[in-house]
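Understanding the architecture of this molecule
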Amino acid sequence: MWFRHKSLINQLLDYRNQDLFDFVNKSLSLSVERTTASCYGLYTRGTKAIVYVPYGKPSPSSFAHELLHAELKIRGVNFSTKLSVSERPALIPIFSDALSDHITNVLEHRKMFPKFLSLGYNEDEFLSDSRIAILTKPVVDSLIHGLRHGIDYSADGINSYIGKYLAARSSCFSFFDYSNELQQLRDVEPGLSSVLDGLVDRWDRYDIEKEGDPFYDSYLMISFDFLDEVESWVGSVINQATNSLWSVNTRS
Ligand SMILES: [Zn+2]
């Protein structure tokens, strides 16, 4: 493979990510591009993949992170494409594109993290904001507060609860322990939290190497069942009089 940014590639590679790079580069038409954005990013479409590298920040560990995302795509795992809620009206106000992307990201990170460490990088290098806590007391308070407006559940509040709960529940960092905060969130919303716990537990049991094998669980089934369960939870808490969630979009 010929690279336009040969000198950049040389700055991104080290002895720890070279094999992973070779694997990805063999399976996808891989290129690197500089970006003015502050974070690394990966774009994939079909067999094409571009890793975006922020100006002035060539980093083998960040490159390895993006290559691990690409490896999942190569293995056929593409969770976000299956989190489509267009046929599920009750979920439309909750599942924004940003939430679907976020869920995919945190679940992918959970599968990528052990491999990242096994390559020889340390956990601080996994994310640019590795040391920023996901759940703090003010965050937990605002999640609990935002979940309902009077007797009505808020679509935005549910969106935030799902996003933060899954991020904390999927976090692998040894320097954070969210068990107390997660328990507080469970106590206020046992039904929804158990759906989210179930998703992470099933994702942990899911073997990426077996994706596509009909005798094993697939990301397709996991995402489908997850949306089914959230849908049935929403059905149980929806305001019976208005048959809807409280949503900013419908407030006026
Ligand atoms: Zn990532």
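Thresholds applied
- Residues numbered from 1 in each chain as written.
- Predicted model: local features only at pLDDT ≥ 70, side-chain atom pairs only at ≥ 80, totals over all residues.
- Helix = DSSP H or I, 4+ residues; strand = E, 2+ residues; numbered from the N terminus.
- Rg over C-alpha atoms; globule rule 2.2 N^0.38 Å.
- Buried ≥ 20, exposed ≤ 12 C-beta atoms within 10 Å, placed from the backbone.
- Contact = placed C-beta atoms within 7 Å.
- Pairing = 2+ DSSP bridges.
- Axes fitted to C-alpha atoms, helices over the stretch in contact; angles between N-to-C directions.
- Parallel < 35°, antiparallel > 145°, perpendicular 65-115°, else oblique.
- Nonpolar A, V, L, I, M, F, W, Y, C, P; charged D, E, K, R; others polar.
- Core = buried A, V, L, I, M, F, W, Y, C linked by C-beta atoms within 7 Å.
- Domains from an automatic or database assignment.
- Expected span 1.5 Å × (residues − 1).

Turning our eyes to something else, we now look at the overall build of the protein. A count of helices and strands for the protein gives nine helices and five strands. Overall, the protein shows an N-to-C arrangement of helices and strands of α-α-β-β-β-α-α-α-β-β-α-α-α-α. For 252 residues, the compact-globule formula gives about 18 Å, and the C-alpha radius of gyration of the protein, at 20 Å, lands near that figure. A total of 252 residues make up the protein; the buried ones form 28% of that total. Across the protein, every contact between residues at least 6 apart in sequence was considered, and the portion connecting residues at least 24 apart equals 65%.

Here we come to the sheet that holds strand E3 (residues 48-54). In space, the three strands of this open sheet follow the order E1-E3-E2, with mixed pairing throughout. At either end of the open sheet lies a strand with only one pairing partner, and these are strand E1 (29-35) and strand E2 (41-45). Taken over all neighbouring pairs, the strand axes of this sheet differ in orientation by 20° on average, direction set aside. Relative to E3, E1 is paired through seven bridges, and the arrangement is parallel. In the strand pairing of E3, glutamate 33 is matched with tyrosine 52. Running over the sheet, helix H3 (residues 60-74) touches E2 and E3 and is turned about 25° from E2.

Helix H7 (residues 179-188) packs onto helix H5 (residues 137-146) with a crossing angle of 10° between their chain directions and a minimal axis gap of 10 Å. The orientation of H5 with respect to H7, classified from their angle, is roughly parallel. Touching Val140, Leu143 and Ile144 of H5 are Glu181, Gln184, Leu185 and Val188, all from H7. Looking at the contact of H5 with H7, its residues break down into five nonpolar, one polar and one charged.

Let us now look at the nonpolar core. Counting 28 residues, the largest nonpolar core has Ile158, Tyr161, Ile162, Tyr165, Val195 and Leu196 as the members making the most contacts within it. Elements with a contribution of two residues or more to this core: helix H4 (97-119), helix H6 (155-170), helix H8 (190-205) and helix H9 (219-237). Among the elements that take part in this core, H6 stands out by supplying seven residues, more than any other. Ignoring any residue separated from it by four or fewer positions in sequence, one finds leucine 196 in contact with Ile162, Tyr165, Leu166 and Arg169. If you look at the next biggest cluster of nonpolar residues, it comprises 19 residues, including Leu28, Leu30, Ala49 and Phe63.

The subject of this paragraph is the domain arrangement of the protein. Along its sequence, the protein is carved into domain 1 (6-74) and domain 2 (82-240). Spacing between the C-alpha centres of domain 1 and domain 2 amounts to 26 Å. With six residues, the single largest contributor to the side of domain 1 that touches domain 2 is H3. Here the side of domain 1 that touches domain 2 is built from residues that sort into five nonpolar, four polar and one charged.

Let us look at H3. Since the α-helix packs 3.6 residues into each turn, any two residues three or four apart lie on the same face. An ideal rise of 1.5 Å per residue puts 21 Å on 15 residues; H3 measures up with 20 Å between its terminal C-alpha atoms. Summarising burial for H3: eleven of the 15 residues are buried, a large majority. Along H3, the positions that sit buried rather than exposed are Ser62, Phe63, Ala64, His65, Glu66, Leu67, Leu68, His69, Ala70, Glu71 and Leu72. Summarising the contacts, the buried residues of H3 are in contact with helix H1 (6-12), helix H2 (18-27), E2, E3 and H4. At the exit of H3 stands glycine 76, carrying a positive phi of roughly 90°.

Mapped onto the elements, glutamate 71 comes out in helix H3. In the structure, glutamate 71 is positioned 51 residues away from leucine 20 in sequence and 8.2 Å away in space, judged by C-alpha atoms. Excluding residues that lie within four positions of it along the chain, glutamate 71 makes contacts with Leu20, Phe23 and Val24.

All right, on to the environment of arginine 34 then. One can find arginine 34 in strand E1. C-alpha of arginine 34 to C-alpha of aspartate 19: the two residues are 15 residues apart in sequence and 23 Å apart in space. With residues near it in sequence (within four places) discarded, arginine 34 still touches Val53 and Tyr55.

Relative orientation of the contacting elements H8 and H9 amounts to 175°, with a least axis distance of 10 Å. It follows that H8 is roughly antiparallel to H9 by the angle criterion. Contacts from Gly191, Leu192, Val195, Leu199, Arg202 and Trp203 in H8 reach Ile222, Phe226, Glu229, Val230, Trp233 and Ser236 in H9. Taken together, the residues of the contact of H8 with H9 sort by class into eight nonpolar, two polar and two charged.

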